[in-house]
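Residue-level structure breakdown
Chain residues, written in single-letter form:
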Amino acid sequence: MTVTERLKSYRDAFIVWRTGQLGKHNSLVATFVRGIFAAISGTTLAYLLGAITTVLVARELGVNGYGEYATIMASLGLLSNLLGLGLDTWLLGEGARLPRQLNTLAWQVLFLKAAGSLAMLGILMWSWLSGGANAAVFIIGSLGVIADGFSRTGFAMLRARAQNGRVAILEVAAPALLLAGLFALKAIGFTVVALVTVQLVCNAIVTAATFANTFDEIKLPTPAPWGVLREGWIFIASDVVANIYSLVGITAVGWFAGTMAAGLYKPAHTAISLTYVVPNLIFWVGLPLLNRATTHSVYRRVAGTMLASATLYGLCILMGIWWIGEPALRLIYGETFLPSLPYVQGMSLIPLMKSISFVCAAVMLSQKRQRLRLGLQSIVALFSVAGAFVVIPNAGAMGATWLQVFIEAVLLALYAAGAIWSLHKRYAQERP
């Protein structure tokens with residue numbers, strides 16, 4: 001492609017974003033740029049509101065209380081995989097490829113999540129009968145996780161239809177409602193039990209609003225989820241494994257280093273996790289476009305734009321952490337949480353690595369290499385679990401920091417190799 005043609009492509013992308021004339025300018029690169037701008041506007045606001053609520057929760061509960069809350073929520077994050085949240089990614093890809101079957105597929109996914117919810121409630125009821133110390137918090141929190149899982153399927157359905165504006169509104173609604181609930185809690189008493197109860201109510205409201213936007217479009221077929229499970233189990237397993245290596249560090253710090261260490265490490269981990277919003281959007285917007293690319297040149301342009309965007313973003317976050325990390329931490333969390341700064345700076349490379357990993361994952365999925373991706377994730381999960389039991393009991397929260405950096409570095413190396421191999425296999429098969 002010549003320089004003139006490339007400039008024209010980016011000019012068209014700007015026109016598409018500004019005017020919404022997708023029919024006239026249907027370049028996949030232009031569509032990607034337009035989709036990113038549309039998604040970021042709402043999703044970033046949602047994450048900012050979420051960050052505010054996290055800060056308020058940390059300040060109201062204090063280090064020990066927040067450490068207890070963080071440990072419980074991390075455990076609930078692991079249990080949430082019983083709902084098969086990975087199917088939402090499968091629904092996005094298949095819904096974009098087979099738009100006429102989206103309604104039926106979405107209903108089958110919802111049916112599977114309902115069955116998973118019953119299984120989860122059964123397990124939690126057994127835990128309650130056993131007299132667990134945090135049984136009430138655990139059960140209430142699990143109901144909130146269930147409601148959130150249902151709404152995520154609705155979000156995937158709307159994104160498959162390119163209705164990103166509705167998704168943005170609904171995503172903003174959840175933290176906005178929670179923020180209002182937190183101010184109400186300050187009047188009646190701020191406890192962990194009350195907090196998870198408010199979260200449950202907010203998630204239920206957003207789920208109802210999501211179904212109000214999608215349910216009237218869903219034809220209710222006879223429940224027959226086995227075909228979905230046969231095709232989508234890899235995505236379920238992938239999501240389970242990803243949550244293991246993402247959350248095992250927080251959980252292990254709470255177990256082995258105590259609530260004080262967890263209360264300092266969790267804000268740092270949360271701050272780094274908030275930087276994943278843009279890479280995640282690059283993945284969700286770019287994956288359907290990679291699936292639609294019909295020529296090598298178009299595929300390379302879309303993938304190259306995704307990689308350039310992800311790399312530039314990761315570098316900006318890396319520099320920002322070191323330049324404004326300390327004043328930002330003081331402003332957001334207060335002086336009490338300044339000891340978290342070494343953890344934030346220690347994980348400053350993770351946003352860059354994670355951004356590129358998202359693009360590599362999209363490439364593998366677009367080439368139908370789901371099994372390869374799951375295998376690579378499983379290797380990383382084994383490293384993370386083994387490392388958590390070896391490193392964190394001896395090195396505490398700082399050990400968890402360096403362990404997380406190592407895990408993301410290994411994941412990036414494996415994903416990059418997997419993406420390159422996947423493209424090589426495709427081009428080798430298509431050569432005459």
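Preceding this paragraph is the structure being described.
Residues numbered from 1 in each chain as written. Predicted model: local features only at pLDDT ≥ 70, side-chain atom pairs only at ≥ 80, totals over all residues. Heavy atoms only, no water.

**Considering empty space enclosed by the protein**
Definition in use: Grid points spaced at 1 Å over the protein atoms alone were grouped into cavities, where a 1.4 Å probe fits but cannot get out, and pockets, open sets with protein on both sides within 12 Å along at least five of seven lines, with lining residues defined by an atom within 4 Å of a point. Grid points are joined across faces, edges and corners, and a volume is the space filled by probe spheres set on the points. Each helix is a run of DSSP H or I of at least 4 residues and each strand a run of E of at least 2, with the numbering of both proceeding from the N terminus. Following the grouping adopted for this structure description, the nonpolar residues are Ala, Val, Leu, Ile, Met, Phe, Trp, Tyr, Cys and Pro, the charged ones are Asp, Glu, Lys and Arg, and the polar ones are all others, Gly among them.
Applying the stated criterion across every chain yields a total of two cavities of 30 Å³ or more. Forming the walls of the second largest cavity are Leu 56, Glu 60, Leu 182, Phe 183, Lys 186 and Phe 190. Elements that contribute at least two residues to the lining of the second largest cavity include exactly α2 (28–79) and α6 (164–188). If one sorts the elements of the lining of the second largest cavity by residue count, α6 sits on top with three residues. Residues of the lining of the second largest cavity, tallied by class, amount to four nonpolar, no polar and two charged.

**Describing the pattern of salt bridges**
Let me state the cut-off plainly: Throughout this description, the term salt bridge denotes a Lys or Arg side-chain nitrogen within 4 Å of a carboxyl oxygen of Asp or Glu. Each residue is assigned to one of three classes by its accessible area relative to the maximum for its type, calculated with a 1.4 Å probe on protein chains only: buried under 20%, partly exposed between the two thresholds, exposed over 50%.
Inspection of every chain in the model, using the stated rule, returns six salt bridges. The salt bridge involving Asp 88 is made with Lys 113; its shortest N-O contact spans 2.9 Å. With Asp 88 in helix α3 (residues 87–97) and Lys 113 in helix α4 (residues 102–129), this residue pair connects regions lying 25 residues apart in the sequence. Across this residue pair, the class does not change: Asp 88 and Lys 113 are buried. Across the pair Asp 148 and Arg 152 runs a salt bridge, and its minimum N-O distance is 3.5 Å. Of this pair, Asp 148 and Arg 152 both sit in helix α5 (residues 135–160), four residues apart, which is roughly one turn of the helix. The partly exposed category is assigned to Asp 148, whose relative accessible area is 25%. Since its relative accessible area comes to 35%, Arg 152 is described here as partly exposed. Via salt bridges that share partners, Asp 148, Arg 152, Arg 159 and Glu 171 belong to a single interconnected network.

**Points about the side chain of Thr 89**
What counts, and what does not: Contacts were defined at the residue level, with two residues in contact if any of their heavy atoms lie within 4.5 Å.
With respect to the helices and strands, the residue Thr 89 is situated in helix α3. The residues touching Thr 89, leaving out its near neighbours within four places in the chain, are Phe 235, Phe 283, Trp 284 and Leu 365.

**Looking at the packing of aromatic side chains**
Heads up, the condition is: Stacked, edge-to-face and tilted are the three classes for Phe, Tyr and Trp ring pairs, Trp counted by its six-membered ring, which pair at centre distances within 6.5 Å; planes under 30 degrees apart are stacked, over 60 edge-to-face, the rest tilted.
One pass over the structure, following the stated rule, counts three aromatic pairs. Ring geometry for Tyr 265 and Tyr 343: centres 6.1 Å apart, planes at 65°, overall edge-to-face. On the criterion of sequence distance, the pair formed by Tyr 265 in helix α9 (residues 259–274) and Tyr 343 in helix α12 (residues 341–346) is long-range, its members being 78 residues apart. Assigned by exposure class, Tyr 265 and Tyr 343 land together as buried.

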